[in-house]
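Breakdown of the fold
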Amino acid sequence: MRGLCREGPWMVVLAALVLLLVSSRWEGSKARPVAWGHLGAGRSQRARNVVMVMCDAFDGRLTFYPGNQTVILPFINLMKRYGTVFLSAYTNSPICCPSRAAMWSGLFTHLTESWNNFKGLDPNYTTWMDLMQKHGYRTQKYGKLDYTSGHHSVSFYLWSTICQQRSNRVEAWTRDVDFLLRQEGRPMVNLTGNKTFVRVMEEDWQNTDKAASWIRKEATNFSQPFVLYLGLNLPHPYPSPSTGENFGSSTFLTSPYWLEKVTYEAIKIPKWPPLSDMHPVDYYSSYTKNCTGKFTRKEIRDIRAFYYAMCAETDAMLGEIISALSDTGLLKRTIVIFTADHGELAMEHQQFYKMSMYEASSHVPLLVMGPNIKAHHHLSNVVSLADIYPTMLDIARIPIPQNLSGYSLIPLLAEMAEDEVSSRRLHPTWILSEFHGCNANSSTYMLRTDKWKYIAYSDGHSVPPQLFDLSADPDELTNIATTFPEVTYSLDKKLCSIVNYPRISASVHKYNKKQFINWKQSLGQNYSNVIANLRWHQDWLKEPRKYKDAIHRWLQMNTNE
């Protein structure tokens, strides 16, 4: 089994960082609980800088045992050793734009109404970074943001000379139509370069270079505290041009350099139930993701291995940022946060991508390291990305609005006196995640508590719910909703107290139909050509009349149903 002693340029950097942290620890740190002002912008001490690295599609379970046995992630391990790792952190919506909208706003998805990858926050929405800038922080963003309406940075395509359309918004709008069409290329792997090829995802590396350079050349000269955000595309799968221009991203791409960081023997081949036994929403998802065909064990293992290698490349980018902070002496007074917008199924439950409430899709990494952050601390509390907003405000000592869905994580993270912790607004023992986009034919709601995961669909009646005991069934293979009806009832009642999900589902249904009608009318005579060449084009073009008729019947149905 490969270990952390494997030679590589980042190992030298890592060794130096460990020596630095062991010798100096964090500026202002003490062995005993310290006052809150030592973490935030207290009068007696300089305010803390904050650096946040947010990647795309990183399975949070890789940051702790046993998932962390599959791939070498030295800088995530560094953050675990000298900071806090959340063992139960979740996205508020397992898809890019809605998830990031929750993180930047501190609000649940049904409040932002970010229903799909095309609908996010208003471009002028006041984010936590805007508030930090208003209160004296220097701010900078690099890379993928993807939280405002019409700003999703993947899969634009040009149709003729008329206008630019978004592919997967239409697939989301038509999820209630009575048809099944593959919307993705079959998941595949692609090995590129040789054992010295490091910068596979060049766009991410360029943004990482910009962020590291900003730290070295600009942040060192600031008299004010700063907050830096770096958004990465990795380890999101790459586009698959061989299957057509508009056929999504289904290629897991890496180089031998990163693949060597993966321990093949530790890769777990997920169990799949027969297609006939799948939950109806799972079957729809698996089919539209082009995953219902036959896959060999080697294919599945390779897809997972290449995904893990892509995670290793992501970790190295995180390392570049930490190294820049260390080299400039800023690390000792900077809080570093690493997270992701959602996970990646990587062939679990016979799917890839996200858009699911299963752990691989909804569980995200969340690690925090810095001054007066508890070291080598593993937290099992359930938290979500909506908690980032109040946490950032808390660090900056900015008053936290009462209308937020999220809660500050500082009482869980910081070395604080007991009386100070008890006087604060503490996080509840549950989190909410919801999904309303493409590749799932129903609005989906997840309530995660201590050991239970409850998943409700649509109006709560037309689609059966799911219940999993994650302590006994971490792979979520056995739905026990009917086995434990009292637990199912109790959790559904709790979910309804948080969100009136039947009403939200009905609102999304109406929104989808209205948006589709407006879009169809805007195309005029070009409608037939445009709709035939979206991500489902390979199936659509086989029987175009059949699918157009299905949409026509859907449009004729009562919009008030």
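To keep things clear, this report deals only with the structure shown in the data block. All values reported here derive from a predicted model rather than from experimental measurement. (Residues numbered from 1 in each chain as written. Predicted model: local features only at pLDDT ≥ 70, side-chain atom pairs only at ≥ 80, totals over all residues. Heavy atoms only, no water.)

1. Some remarks on the sheet that holds strand 12 (residues 431-435)
Spatial ordering of the open sheet is given by 12-13-14-15, a layout of 4 strands whose pairing is antiparallel. Looking along the sheet, the strands with just one partner apiece sit at the ends: strand 12 and strand 15 (466-469). If you compare each strand with its neighbour and ignore which way they point, the axes differ by 15° on average. Where strand 12 lies against strand 13 (residues 444-448), 5 bridges are found, and the strand directions are antiparallel. The partner of Phe435 across the bridge, within strand 13, is Thr444. (Pairing = 2+ DSSP bridges. Helix = DSSP H or I, 4+ residues; strand = E, 2+ residues; numbered from the N terminus. Axes fitted to C-alpha atoms, helices over the stretch in contact; angles between N-to-C directions.)

2. Overview of the sheet that holds strand 7 (residues 226-231)
Across the sheet, 7 strands lie side by side as 3-7-1-9-10-2-11; this open sheet has mixed pairing. The open sheet is flanked by strand 3 (138-143) and strand 11 (377-384), the only strands paired with a single partner. Put simply, the sheet's adjacent strands are angled 15° from each other on average, direction ignored. As judged from the 7 bridges shared by strand 1 (residues 49-55) and strand 9 (residues 334-340), these two strands associate in the parallel manner. When the sheet's bridge partners are listed, Val53 is paired in strand 9 with Phe338. Packed on one face of the sheet, helix 2 (residues 74-82) meets strand 2 (83-90), strand 9, strand 10 (366-369) and strand 11 and runs near 60° to strand 10. (Contact = heavy atoms within 4.5 Å.)

3. Thoughts on the pattern of salt bridges
For the structure on display, the rule yields 22 salt bridges. Arg100 serves as the salt-bridge partner of Asp56, at 3.7 Å between the closest nitrogen and oxygen. Taken together, the positions of Asp56 in the loop between strand 1 and helix 2 and Arg100 in helix 3 (residues 96-105) put the pair 44 residues apart, joining distant regions of the chain. Of the two residues examined, Asp56 and Arg100, each falls in the buried class. The closest approach of N and O atoms between Glu260 and Lys195, which form a salt bridge, is 3.2 Å. Of this pair, Glu260 sits in the loop between helix 8 (256-259) and helix 9 (280-288) while Lys195 sits in the loop between strand 6 (188-191) and helix 7 (202-217), placing them 65 residues apart in sequence. (Salt bridge = Lys/Arg side-chain N within 4 Å of Asp/Glu carboxyl O. Buried < 20%, exposed > 50% of the residue type's maximum accessible area, 1.4 Å probe, protein only.)

4. With respect to the state of the cysteines
Taken as a whole and assessed by the stated rule, the structure comprises 0 disulfides. Cysteine Cys55 remains unbridged, with the sulfur of Cys311 as its closest cysteine sulfur at 7.3 Å. We classify Cys55 as buried; its relative accessible area is 0%. Between Cys97, a cysteine without a disulfide, and Cys96, which holds the nearest cysteine sulfur, the sulfur-to-sulfur distance is 8.3 Å. Classification of Cys97 as buried rests on a relative accessible area of 0%. (Disulfide = S-S within 2.5 Å.)

5. Notes on the packing of helix 7 against helix 10 (residues 297-327)
When two helices pack together, their arrangement is given by the angle between their axes and by how far apart the axes lie. Interaxial distance between helix 7 and helix 10 falls to 8 Å at its minimum, and their mutual angle equals 10°. On the basis of the axis angle, helix 7 is roughly parallel to helix 10. Residues Asp204, Trp205, Thr208, Ala211, Ala212, Ile215 and Arg216 of helix 7 touch helix 10, and the partners they reach there are Glu313, Ala316, Met317, Glu320, Ile321, Ser323, Ala324, Leu325 and Asp327. Classifying every residue of the contact of helix 7 with helix 10 by side-chain character gives 9 nonpolar, 2 polar and 5 charged. (Parallel < 35°, antiparallel > 145°, perpendicular 65-115°, else oblique. Nonpolar A, V, L, I, M, F, W, Y, C, P; charged D, E, K, R; others polar.)

6. What about the packing of aromatic side chains?
Applying the stated rule across the entire model yields 28 aromatic pairs. On the numbers, 5.6 Å between centres and 90° between planes, the contact of Phe58 with Phe338 is edge-to-face. Of this pair, Phe58 sits in the loop between strand 1 and helix 2 while Phe338 sits in strand 9, and the two are 280 residues apart along the sequence. Phe338 matches Phe58 in its accessibility class, with the two residues each being buried. With centroids separated by 6.4 Å and ring planes inclined at 90°, the aromatic side chains of Phe252 and Tyr307 adopt a geometry described as edge-to-face. A residue pair is termed long-range when its members are at least 10 positions apart, and Phe252 in strand 8 (residues 251-254) and Tyr307 in helix 10 qualify at 55 residues. Each member of the pair, Phe252 as well as Tyr307, is classed as buried. Taken together, the ring pairs in this structure connect Trp173, Phe516, Trp519, Tyr527 and Trp554 into an aromatic cluster. The ring of Phe118 carries the charged tip of Arg169 above its face, separated from the ring centre by 4.3 Å. In this structure, Arg186 is placed above the aromatic ring of Phe295, and the distance from its NZ or CZ to the ring centre is 3.7 Å. (Phe/Tyr/Trp six-rings, centres within 6.5 Å; stacked < 30°, edge-to-face > 60°. Lys NZ or Arg CZ within 6 Å of the ring centre and 35° of its normal.)

In short, the description is geometric, and any link to function would need to be established separately.
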